[in-house]
Amino acid sequence: MKKTIYTLIIFLVSIQAKGELGETQITAEEGIEVFQKEKYYLLKKNVEIVSDNFNLNADVVKAYFEKDLYDIINIYAEGNVSLDSKEKGINATGNVLEFSFNEETIKITGANSVLNLTNCSMFSNGIIHVNNSIGTFYLNGNDSTLKNEDIFVSGKIIDGKFLSNNNINEIVELNVEDENISNIKTEKIDMYSLKAKYNKNNNLIELNEKVKVIRGDEIITGDYGYVDLEKNSYKVTSNNSKKVKVLIKQSNE
Amino acid sequence: MNYLLSLQRKYVISIILVIVIISLFVFGYKSMNASINLDEDISININNSDITKPKFTINSENQKISISANEGNFLNKNEILLKNDVVFKSKKFTIFSDDVIFNKNQQTASSTKKSRFISSNTSILANGFEILDEGNKINFYGKTVIKLK
C-alpha cells in the first residue's frame, strides 16, 4: 500500500528546464506575428514544433521569449493540442496547453484533457495543473481522475503535494472532493466519500461524508472513516452511532 | 541654244517628281527609324531604377533598422519599391528579401516575396513579411519555418 502512494507520481522532473528546447524546428501554415516589445510571437494555423526533447502540435501557439526568439520561457497552445515527449515519457492532449519553463508548470484545460506520464495518468474535463518547482498538482473538472497501476483516484477536485527524493516523486498530501461522490481505489481497498484526504505523516486516508469502504467482501458505510495504509486497516464511524452499517458478503468458495 | 534648255518640259517635271518622291520616302523612312529609337529609349527608362543603392533608416525608441537595396523606384510620394538584395538590419535581426515596398512616411515595409529572417540562434523562412509599428511588430506570411538553436 505504501508503495502505491510512493509511486503515484514519478514524472514532473520531465518538464523542461528553461532554455533546454534543444534544436527546434517550428512550422506554421499561416505565418507568424512577432511582437518585439511584448516579447512573444504568435504562430498561426496547424503549428508543429519539433525539438530534440518534445513535439507539440496545435492550431495556434503563442511563444513568449526572454531575450530573443530562441529563448522561449512560456508556451500557450490552443486548439487540438498534443504534446509528446518520448524521451521524458510525457504525452498530453487538450484544448489549451500552457507550460512555463521558468516556473516548471504545465496546465491543460478543456474537455477531455489528458496528461500521461511514465507511471501515472491524469484526466479531467476542466483543468490539469502541475507545478514541478513547488511540487503541487491540481485537477478540477467533472470526472477528473488520477491513476497508475496501483491506485485510482476520481473526483471533481483532486489536488495535492509531492516531494522529490532520489529522482522519485512521492505524494505527501492528497485531497479529493466531489459533490456527488469521490473514489480512491487501491489494490485491496475501495473507498468512497464526498471528501478524502491523505497525509504522508500519519499515512492515513481520511474520509468525510457518505463514506463507504469496501475491502474484499466487507462493505461499511458511515459519515466518517479512515484507512491506515501502513496496517491496511480501516475504521468507519457515524454522527449517529446507529447509522454505521456493515455488510459482509458470504463467499461461495 | 543650250542643249539643256532644249529638254522637253514634261521630262523635267517627271524628274523633279521622282526626286521629290524619293526624298519623301527617305525622309519617311528616317522618321520611322527615329520613332523606333524613341520607343527603345522609353523602354530603357522604364527598366531603369530611380535610385541606385538606396539606403533608409527606420528609427524607433527601441531600435534602429537600416534598409539597403541595389535599386529603388518611387511608386508615389511616400512609397518606394526596393529591389534586388534588399536588406533590413538592426542590432537584433537581419531580413533578406526582394521587391520590398518601403513607406517613408509610416516607417513600414512589406514584401510578398520569399524572405529570410536571421537573428541570434534563430532563422525564419517565409513567403513575405511586413514591418509595422516602427519595427516593433514583424509579420511573416504564408507557410513559415522557424529554426531555433
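Residues numbered from 1 in each chain as written. Chains lettered and ligands numbered in written order. Predicted model: local features only at pLDDT ≥ 70, side-chain atom pairs only at ≥ 80, totals over all residues. Heavy atoms only, no water.

Notes on the pattern of salt bridges
Oppositely charged side chains are able to pair whenever their charged atoms sit close together.
Phase 1: Counted according to the given criterion, the structure contains four salt bridges over all chains.
Phase 2: Between Glu-33 of chain A and Lys-137 of chain B there is a salt bridge, with the nearest N and O atoms lying 3.6 Å from each other. Taken together, the residues span two chains, with Glu-33 of chain A in strand β2 (residues 32–35) and Lys-137 of chain B in strand β13 (residues 137–140).
Phase 3: One salt bridge in this structure joins Arg-215 of chain A and Glu-218 of chain A, with 3.3 Å as the shortest N-O distance.
Phase 4: When its relative accessible area of 24% is taken as the criterion, Glu-218 of chain A is described as partly exposed.
Phase 5: Each of Glu-33 and Lys-44 of chain A together with Lys-137 of chain B takes part in a single network of salt bridges with overlapping partners. (Salt bridge = Lys/Arg side-chain N within 4 Å of Asp/Glu carboxyl O. Helix = DSSP H or I, 4+ residues; strand = E, 2+ residues; numbered from the N terminus. Buried < 20%, exposed > 50% of the residue type's maximum accessible area, 1.4 Å probe, protein only.)

Considerations on the side chain of Glu-33 of chain A
Phase 1: According to the relative accessible area criterion, Glu-33 of chain A is buried, its value standing at 15%.
Phase 2: For Glu-33 of chain A, the side chain forms a polar contact with the side chain of Lys-44 of chain A, separated by 2.8 Å.
Phase 3: Look past the residues within four positions of Glu-33 of chain A in its chain and what remains in contact with it is Tyr-40, Tyr-41, Leu-42 and Lys-44 of chain A together with Lys-137, Ile-138 and Asn-139 of chain B. (Polar contact = N/O pair within 3.5 Å; in protein donor to acceptor, adjacent residues only side chain to side chain. Contact = heavy atoms within 4.5 Å.)

Some details on the confidence of the model for chain B
Detailed conclusions should not be drawn from predicted coordinates in areas where pLDDT is low.
Residue and element names in this part refer to chain B.
Phase 1: Residues at a pLDDT of 70 or more form 84% of chain B, whose mean pLDDT is 83.
Phase 2: Ignoring residues within four places in sequence, the model shows residues 35–45, a span with pLDDT below 50, making zero contacts including any to other chains.
Phase 3: In the model output, the complex is listed with pTM 0.77 alongside ipTM 0.77. (pLDDT = per-residue confidence, 0-100.)

Notes on the domain arrangement of chain A
Residues and elements named next belong to chain A.
Phase 1: What the domain assignment lists for chain A is domain 1 (1–177) and domain 2 (186–253).
Phase 2: Taken together, the contacts link 14 residues of domain 1 with 13 residues of domain 2.
Phase 3: Summing both sides of the interface, domain 1 and domain 2 together bury roughly 1200 Å²; the carbon and sulfur share of this comes to 58%.
Phase 4: The interface formed by domain 1 and domain 2 holds zero salt bridges in total.
Phase 5: Applying the counting criterion to the domain 1 and domain 2 interface returns three residue pairs in polar contact (both at pLDDT 80 or more).
Phase 6: If you list the elements that add at least two residues to the side of domain 1 that touches domain 2, you get α1 (2–6) and β13 (168–185).
Phase 7: For the side of domain 1 that touches domain 2, the leading source of residues is β13, giving eight residues.
Phase 8: Grouping the constituent residues of the side of domain 1 that touches domain 2 by class yields eight nonpolar, one polar and five charged. (Domains from an automatic or database assignment. Buried area = accessible area lost by both parts, 1.4 Å probe. Nonpolar A, V, L, I, M, F, W, Y, C, P; charged D, E, K, R; others polar.)

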